[in-house]
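# A structural walkthrough
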Amino acid sequence: MNALRKQASNLGKQTGLKEFTGKDRVTDAVRALANFYAAQLSLCSKQIPTSYSNARMVHAHMIVSGFRPKSHILNRLMDLYTKSSNLPYARQLFDEIPEPDICARTTFITAYSASGDLKLAREIFNNTPLNIRDTVSYNAMITGCAHNSDGNAAFDLFRDMKRYNFKPDNFTYTSMLSALSLIADHESHCQQLHSEIIKSGTGFVTSVINALISVYIKCASSPHVTPSLLMDAARKLFDEMPHKDEVSWTTVINGYIRNDDLDTASQVFDGMNEKLVDSWNSMISGYTHKGLYSKSLEMSKKMHLLGIKFDGFTYTSLLSACANSKLFLHGKQVHAYIIKTVINPSRDFLFSVNNALITLYSKCGKTDDARKIFDKMPIRDIVSWNSVLSAYVEAIRIEEARLFFTKMPEKNEISWSVMISGFAQNGSGEEGLKLFNQQRSTECQPCDYSYAGAIRSCSAIASLNHGCQLHAQLIQSGFGSSLSASNSLITMYARCGVLEDSHSVFLTMPCLDSVSWNAMIAAFGQHGHGSRAVNLYEEMLKENIAPDRITFLTILSSCSHSGLVDQGQRYFNSMYDTYGITPGEDHYGRLVDLLCRAGKFTEAKTVIENLPINVGAPVWEALLSGCVIHGNMELGIEAAEKLFNLIPSHDGPYILLSNLYGKSGKWTEAARVRNMMRSRGVKKEPACSWIEVDNMVHVFLVDDTKHPEVSEVYGYLEELVFKMRKLGYVPDTKFVLHDMENEQKEHALSTHSEKLAVAFGLLKIPAGVPIRVFKNLRICGDCHNAFEFMSEVVGREIVVRDGKRFHHFRNGKCSCGNYW
DNA sequence: GTAGGGTTAG
């Protein structure tokens, strides 16, 4: 005791606090010490960057001084440890208490389950002798189970406590009601619990009614009930409540928002006499959630004008609205305001608001700024990590994403799915599938988003085999009706050439979103089924699904590839006039493509001259490829020059321009362009390309035999020429080889390209086995003709992948109709 | 020492 008194006195001298000095009575010294520690710990919770290590020091100090903390000190320490993810220290803290009373136990049960370690919480609870248990500790344990999604355990505990004669109280019932939605057949259990509550006499307690309302609203979202009936039941409870508190109001408001009834939500909100932050937050987050971003900004402005102080939830929802609507400047203003006004934010606040800031910067394309926010955060949670990961993925900085992913201290299903999708989006299908398999060997099993990523990986490499397997596994895992996975299946089947399978996925989906419609329209378009694409688009409009930017890109391509010029133009005009979407350079590119393919160069030029934005690469590229199709030399050269400046490292413009020259028989110029491409070090130069003019097939090769791809092609070519001649195909065709090293040198040798040759090789596949050609080279007009010819000669269907597009050749005709 | 609503990552 003397030591303790000395301790307090020393601390007093050190800190200069009077209350620690000159006290004679031991109890005062103990109390003073307790106060000192409490003050120190509350200081820790304000010093964000070092809170945990300081807490640790204070804790160590207590141990050395022999001080036995009471529950309020314990709570502060627990709070610091659990919030800084230092559960082991919390555990140590608990173990240091010689005989923890029921209050200490309850504190720890609550803390452990709040930090997600239900097992530890349960261990403490189970080790608590029955004679010291009470209703409160049962309540804490039940809440823990409910928060960690173990509804059945909560019900077991509930039965248990009644068996041992612990009387459930209003806390018990509120927790039980929140556990209700986690168990099967919760509608009938709800009835049972409701009557039990009434019998128990807690039926008039506000918190219990709040929980009941919440349960009825949750039930209203179940697929097999009539939502309006349950919403009415919830509303009746609400209307008849003797005393409504903040939670009652927000529960009902959020309930209406959840059931897409924003008008009623807003009416309830307006009916509130005193609107506090929470109810404003409900409205703001509701509008943000439903995509009505301008409404949430409007709400926040009103709130600000009324002088209601924003809290963490307000900022988070508001920033999310800015991020989703790409209102970067507004978001930045909010950020500045936070920096200016928030002096002493709690840690929870820092997590969510900073995470929302990361997302704001990331979605507005400021990836490095997003990373800076992350780096500045004193402590981060899994959401912070995932936000930065998806920032890299969204910016297609896949190597940084990969590195970041490996550095993550923990990964959840979102981390995995983001990384898998990142690979798929980057075209690294093999890597995506590899990672998916890796995830399967972890404890964190794939969710439907991971499946969607893996399926998209299959699309990237056109692997129908893996795609089908994943489809089967998806159904097995119970994710068969997942929206995102089904959407990716539509695209996967279409890109792998089986349009009808893609269509049947679309037709059997329980619900569709705009992505589903876009994917199916694109599938039809890519297969050359322009009219089916257009019909589906019209159907989408009839279903009152608003088309978005992607829809327009898709439908414009479909029209372009099927020669539906007028219709395409009409759709383009409706984009802004009817739907208020400002066309981007991609959309103008599609419009120019639509016109040029149809040979309408005058109209295309008019469009370009009157463009409200800078004429970008997509527009010039569309113009150039149109010029190649129609042999428009003058315009083509102009477009190519622009492209060389805009995208100097791309090979496309060079190849298109040399083909354009070749089409007019200007072989010297054609070869010059190819040499130019090489001397500028443009990558992806193909080993071989070709063009046919007046029964003459001109083949360009990188060099004669040095390139492995070329020598392989030669073999096919010789065989192909021989067979084709034998079959009587274009007997007058002369074959001219343009060697890059010695231009104009003629070889009476070869015919079409590698793709054609490979296709021919595949024709050796036995009858009955479908022929599919997966090559990532663009198909050209003459190649197309040859495939048509071959399908007739061999009497079989040949499916050829052309980038994202598929051609089905059958009986001398192609599914794409008048594509070429 | 225990509760009910509202947040951020795909």
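See the structure printed just above.
Counting of residues starts from 1 at the beginning of each chain's written sequence and follows it residue by residue. Written order decides the labels, with chains lettered from A and ligands numbered from 1. Since the coordinates come from a predicted model, pLDDT governs what is reported: local features require at least 70, and pairs of side-chain atoms require 80 or more to be given and counted, while whole-chain, interface and lining totals use all residues. With hydrogens and water excluded, all non-hydrogen atoms of the structure serve as input to the side-chain values.

## Considering the overall build of chain A
Put simply, DSSP marks the helices as runs of H or I at least four residues long and the strands as runs of E at least two long, and each gets a number from the N terminus on. Check the secondary structure of chain A and you find 42 helices and seven strands. Here the term buried applies to any residue with accessible area under 20% of the maximum for its type, exposed to any over 50%, and partly exposed to those in between, with areas from a 1.4 Å probe on protein chains only. Looking at chain A as a whole, 50% of its 820 residues are labelled buried. Put simply, 60% of the contacts in chain A that link residues at least 6 apart link residues at least 24 apart. Any two residues whose heavy atoms approach within 4.5 Å at even a single point are treated as in contact.

## Description of unusual backbone geometry
Excluding glycine, residues mostly carry a negative phi; peptide bonds, for their part, are mostly trans. Backbone geometry places aspartate 260, a non-glycine residue, at a positive phi of 60 degrees. As for its placement among the helices and strands, aspartate 260 is situated in the loop between α14 (246-258) and α15 (262-270). Residue aspartate 260 is classed as exposed on the basis of its relative accessible area of 55%. The phi dihedral of asparagine 544 is positive, around 65 degrees, even though this residue is not glycine.

## A few points about the packing of aromatic side chains
Only the six-membered ring of Trp is used, alongside the rings of Phe and Tyr, when aromatic pairs are assigned; centres must lie within 6.5 Å, and planes under 30 degrees apart are stacked while those over 60 apart are edge-to-face, with the rest tilted. Within the structure shown, the criterion is met by 22 aromatic pairs. Taken together, a centroid distance of 5.0 Å and an interplanar angle of 75 degrees make the contact between phenylalanine 125 and tyrosine 138 edge-to-face. Placement of the pair is phenylalanine 125 in helix α7 (residues 118-126) and tyrosine 138 in helix α8 (residues 135-147), with a sequence separation of 13 residues. The exposure class of phenylalanine 125 is buried, given its relative accessible area of 1%.

## Things to note about α14
Multiplying 1.5 Å by the helix residue count minus one yields the expected span of that helix. Between its terminal C-alpha atoms α14 stretches 18 Å, which fits the 18 Å expected from 13 residues at 1.5 Å a residue. Within α14, 10 of the 13 residues are buried, which leaves the element mostly enclosed by the surrounding structure. Along α14, the residues that are buried comprise Glu246, Ser248, Trp249, Thr250, Thr251, Val252, Ile253, Gly255, Tyr256 and Ile257. Two to three positions downstream of the cap, the backbone nitrogen of valine 247 sits 3.1 Å from a side-chain oxygen, assigning the N-cap of α14 to aspartate 245. Among the residues trailing α14, aspartate 260 stands out with phi positive, at a value near 60 degrees. Here a polar contact is taken to be a pair of N or O atoms separated by no more than 3.5 Å, where protein atoms must pair a possible hydrogen donor with a possible acceptor and residues adjacent in sequence count only if both atoms sit in side chains.

## Digging into the nonpolar core
Definition used in this section: a nonpolar core is a set of buried Ala, Val, Leu, Ile, Met, Phe, Trp, Tyr and Cys residues joined via side-chain atoms within 4.5 Å. Residues Phe108, Tyr112, Leu177, Ile213, Val592 and Leu623 are the most contacted members of the largest nonpolar core, which totals 204 residues. When residues of this core are assigned to their parent elements, the largest contribution, 10 residues, is made by helix α12 (residues 206-220).

## Topic: the protein's contact with DNA strand B
In the neighbourhood of DNA strand B, 47 residues make up the surrounding shell, with Asn139, Asn210, Asp245, Asp278 and Ser352 lying closest. The sugar-phosphate backbone supplies 42% of the atoms of DNA strand B found within 4 Å of the protein. In the model, a base oxygen of DNA strand B is placed 2.4 Å from a nitrogen or oxygen of the asparagine 139 side chain. A distance of 2.5 Å separates a base nitrogen of DNA strand B from a polar atom in the side chain of aspartate 245. Under the grouping applied here, Gly and all other residues not named as nonpolar or charged are polar, the nonpolar ones being Ala, Val, Leu, Ile, Met, Phe, Trp, Tyr, Cys and Pro and the charged ones Asp, Glu, Lys and Arg. Broken down by class, the residue content of the surface near DNA strand B amounts to 11 nonpolar, 29 polar and seven charged. Consider each residue's heavy atoms; a residue with any of them within 4 Å of a molecule or strand counts as near.

## Observations regarding the environment of isoleucine 555
Considering the arrangement of structural elements, one finds isoleucine 555 in helix α32 (residues 549-561). For isoleucine 555, a relative accessible area of 0% gives the class buried. Between the C-alpha atom of isoleucine 555 and that of serine 649, which follows or precedes it by 94 residues, the distance is 29 Å. Here isoleucine 555 is in contact with Ile521, Ala533, Val534, Tyr537 and Tyr571, once residues within four sequence places are set aside.

## Brief notes about the pattern of salt bridges
Any carboxyl oxygen of Asp or Glu that lies within 4 Å of a side-chain nitrogen of Lys or Arg is treated as forming a salt bridge with it. On inspection of all chains with the given rule, the structure shows 17 salt bridges. The residue arginine 397 makes a salt bridge to glutamate 400 at a minimum N-O spacing of 2.8 Å. By relative accessible area, glutamate 400 is classed as partly exposed at 33%. Three or more residues joined by partner-sharing salt bridges are found here, namely Arg91, Asp95 and Glu123.

## Quick notes on the packing of helix α5 (residues 87-95) against helix α6 (residues 102-114)
Angular values range over 0 to 180 degrees, each being the angle between N-to-C directions of two axes fitted as lines to C-alpha atoms, with helices fitted over their stretch in contact. Axis separation between α5 and α6 bottoms out at 11 Å; the angle between their running directions is 170 degrees. By the criterion of interaxial angle, the relationship of α5 to α6 is roughly antiparallel. Across the interface between the two elements, Leu87, Ala90, Arg91, Leu93 and Phe94 of α5 pack against Arg105, Phe108 and Tyr112 of α6. Here the residues of the contact of α5 with α6 are counted per class, giving six nonpolar, no polar and two charged. Orientation labels follow simple angle bins: below 35 degrees gives roughly parallel, above 145 gives roughly antiparallel, 65 to 115 gives roughly perpendicular, and whatever is left gives oblique.

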